Amino acid sequence: MRFMVLVKASEESEAGVMPSQEALAEMGKYNEELAEAGVMLAGEGLHPSSRGVRVRFPERKVIDGPFAETKELIAGFWLIQAKSLDEAIEWVKRAPMEQTELEIRQVFEPEDFGEEFTPELREQEERLRAQAADNQ
Amino acid sequence: MAASDAHRAIEAVWRIESPRLIAGLARIVRDVGVAEDLAQDALIAALEQWPKSGVPDNPGAWLMGTAKHRAVDWLRRSKTLERKHQQLGREIEIQQGSAQTDVDAVLDDDIGDDLLRLIFTACHPVLSTEARIALTLRLVGALTTAEIARAFLVSEPTVAQRIVRAKRTLAEARVPFEVPSGREREARLSSVLEVIYAIFNEGYAASAGDDWMRPALCEDALRLGRILAGLAPEQPEVHGLVALMELQASRLRARTGPGGEPILLLDQDRSRWDQLLIRRGLAGLDRAQQLGGALGPYTLQAAIAACHARARRAQDTDWERIVALYDALVQLSPSPVVELNRAVAVAMAFGPAAALPLVDALRAERSLAGYPFLPSVRGDLLAKLDRFEEADEELNRAASLTRNRRERRLLLDRAARCARRSACAERDDRRGAQSPDGRRSA
């Protein structure tokens, strides 16, 4: 299973304050631990929302940052592979964080799509069958 | 904290901590079986205490501290035992003397080397492949006996016994708890890689049972491979194997249709391939190649998988490069299975007529006698050459050889299609003979 771990923004991250050398080293160590356990698939930190934009649908209106509601903004993420949500929680508890919130969300796997997923694939299969028939 | 929550948390901690715990203990007691028992004792202590006290801040250190006490007790007992044995004139080799310093050193030391020792020990050639797989999943992958049993469709007691026997064999053979050096290291590393890839393959193309794939097992193998790559980053073949597995796993969700039936590589919807795994796989392949030296068999196979991954559409596949890579692979590790795969690539690059003689030559191979892929490939080539009757026969033979129900279904479908076309061709032949202008169907 895959989980996305979302790092919520803080006043500092939104102000573009870079983490201290010490904090960076701690984070590096943690990332290494995740990688060495074969758990980490990807992970990135994000620039503050002042350097971001939003595109609002349906009019596709582009809205420049920064955005309010700091605590709802995302400052970074990890994508990890774990055997269960419990294991993901245990890994996340070990993150060298202060004063923030990490949110764990499971990534959809094909089997999660269930009924929604089938018609499209059925159609695709029928396409293949039709092709095979054409070839005959 | 509710007891059930605590138990789930402990289970998760165990999965994270137990490999390093067992590895550290094995260095102290020099026996992976004893080390696992001691680690289990620590787990039981945690199950008793944590639901009341809560999970400690550093659960790994707690488990190690608890296990350490038990390890010291065990060493004292075995020392006494050893003295008795010596009185009996028997020689038993147990590292003694500075037991306490050893224990402290383990706690302070980088545990990585121990984990690598554990992997090499669990994959020791003195064990059968089955035993190596079970022991590796158990000790390094932290899977439970029940999980291993489910993954390999055998009963729990069977797995439990396999693991007990494996540990006994290691103890009896006095397999040292170490990473071998020199020439032995290379041979032993290939045994480790073989075990990890065997686990992956059992997940990727289940050899038996109702499901064609068991993705969780692929994930376990990938995790083991990534751990190994972290521990032995200087080994190109380790990166080659991880790259190979990531590239193959990138196709997992495109490999089955809605009913769970297999979809073959060239028929897959490539937009469903996992681009993250492809990127990781290609990066791993780069690392393997940058480490220099001649490409090993896993790196070559990863390079072949990369040819598929890079092709946006099936018809964009660089089959000539794939043939060239197979040529190198045949040189390096010649095997009928590799030859057969090469023949498939030849068929794609240069046409079925060029490949059929290569496949025909393999029919005399004893080792391929029960291998369903041989008649299946031959059947496909014959079908492409419009020899439908023979194709039907070969595909039916392939279906009778496979133990996987989904695969059998696929093969029988293909055989039936050939049989229909064979019948059509016959009918057309008859019509062609009867029709006044002698026109035959193309």
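Residues numbered from 1 in each chain as written. Chains lettered and ligands numbered in written order. Predicted model: local features only at pLDDT ≥ 70, side-chain atom pairs only at ≥ 80, totals over all residues.

### Things to note about the overall build of chain B
As a reminder, the rule being used: A run of DSSP states H or I qualifies as a helix once it reaches four residues; a run of E qualifies as a strand once it reaches two. Both are numbered from the N-terminal end. Here exposure depends only on C-beta density: within 10 Å of a residue's C-beta, 20 or more other C-beta atoms make it buried, 12 or fewer make it exposed, and intermediate numbers make it partly exposed, the C-beta atoms being placed from the backbone. This entry defines residue contacts through backbone-placed C-beta atoms, with two residues in contact when those atoms are within 7 Å.
What chain B contains, in helices and strands, is 19 helices and zero strands. Within chain B, the fraction of its 442 residues that count as buried is 43%. Relative to all contacts within chain B whose residues are 6 or more apart in sequence, the contacts with residues 24 or more apart total 63%.

### Some words on the overall build of chain A
Across its full length, chain A carries four helices and six strands. Across the 136 residues of chain A, 16% fall into the buried class. Sequence-distant contacts in chain A: of pairs separated by 6 or more residues, those separated by 24 or more amount to 74%.

### Points about unusual backbone geometry
For residues besides glycine, phi is generally negative; the peptide bonds are generally trans as well. Residues and elements named next belong to chain A. A cis geometry characterises the amide bond from Phe57 onward to Pro58, with omega recorded as 5°. By the element assignment, Pro58 lies in the loop between strand E3 (53–56) and strand E4 (61–64). A cis amide bond, omega 0°, links Gly65 with the succeeding residue Pro66. Of note, Pro66 is situated in the loop between E4 and strand E5 (74–81). A positive phi angle is found at Glu69, which is not glycine, with a value near 40°. Position of Glu69 among the secondary structure elements: in the loop between E4 and E5. On the neighbour-count criterion, Glu69 (8 C-beta atoms within 10 Å) is exposed.

### Quick look at the interface of chain B and chain A
With 21 residues of chain B in contact, the opposing surface of chain A contributes 22 residues. When contributions to the side of chain B that touches chain A are tallied by element, the ones reaching two or more residues are helix H1 (3–29) and helix H10 (215–231) of chain B.

### Structural notes on the domain arrangement of chain B
Residues and elements named next belong to chain B. Definition in use: Domain start and stop points were drawn from an automatic or database domain assignment. Ten residue types, Ala, Val, Leu, Ile, Met, Phe, Trp, Tyr, Cys and Pro, are classed as nonpolar, four, Asp, Glu, Lys and Arg, as charged, and the remainder, Gly among them, as polar.
According to the domain assignment, chain B contains domain 1 (1–111), domain 2 (123–175) and domain 3 (185–317). If you look at the interface, domain 1 gives ten residues, while domain 2 gives seven residues. Within the residue set of the side of domain 1 that touches domain 2, elements represented by two or more residues are H1 and helix H2 (32–53). For the side of domain 1 that touches domain 2, the element with the highest residue contribution is H1, accounting for five residues. Taken together, the residues of the side of domain 1 that touches domain 2 break down into four nonpolar, two polar and four charged.

### Some details on the nonpolar core
Heads up, the rule is: The nonpolar core criterion groups buried Ala, Val, Leu, Ile, Met, Phe, Trp, Tyr and Cys residues into a set whenever they are joined through C-beta atoms within 7 Å.
In this structure, Ile80 of chain A together with Ile22, Leu25, Leu118, Ile196 and Ala302 of chain B are the most contacted members of the largest nonpolar core, which totals 133 residues. In terms of residue count, the dominant contributor to this core is H1 of chain B (13 residues). Setting aside residues up to four positions removed in sequence, Ala302 of chain B forms contacts with Gly240, Ala243, Leu244, Leu247, Gly281, Leu285 and Ala288 of chain B.

### Digging into helix H6 (residues 129–139) of chain B
Where burial is concerned, most of H6 of chain B is hidden: nine out of the eleven residues are buried. Of the residues making up H6 of chain B, those classed as buried are Ala131, Arg132, Ile133, Ala134, Leu135, Thr136, Leu137, Arg138 and Leu139 of chain B.

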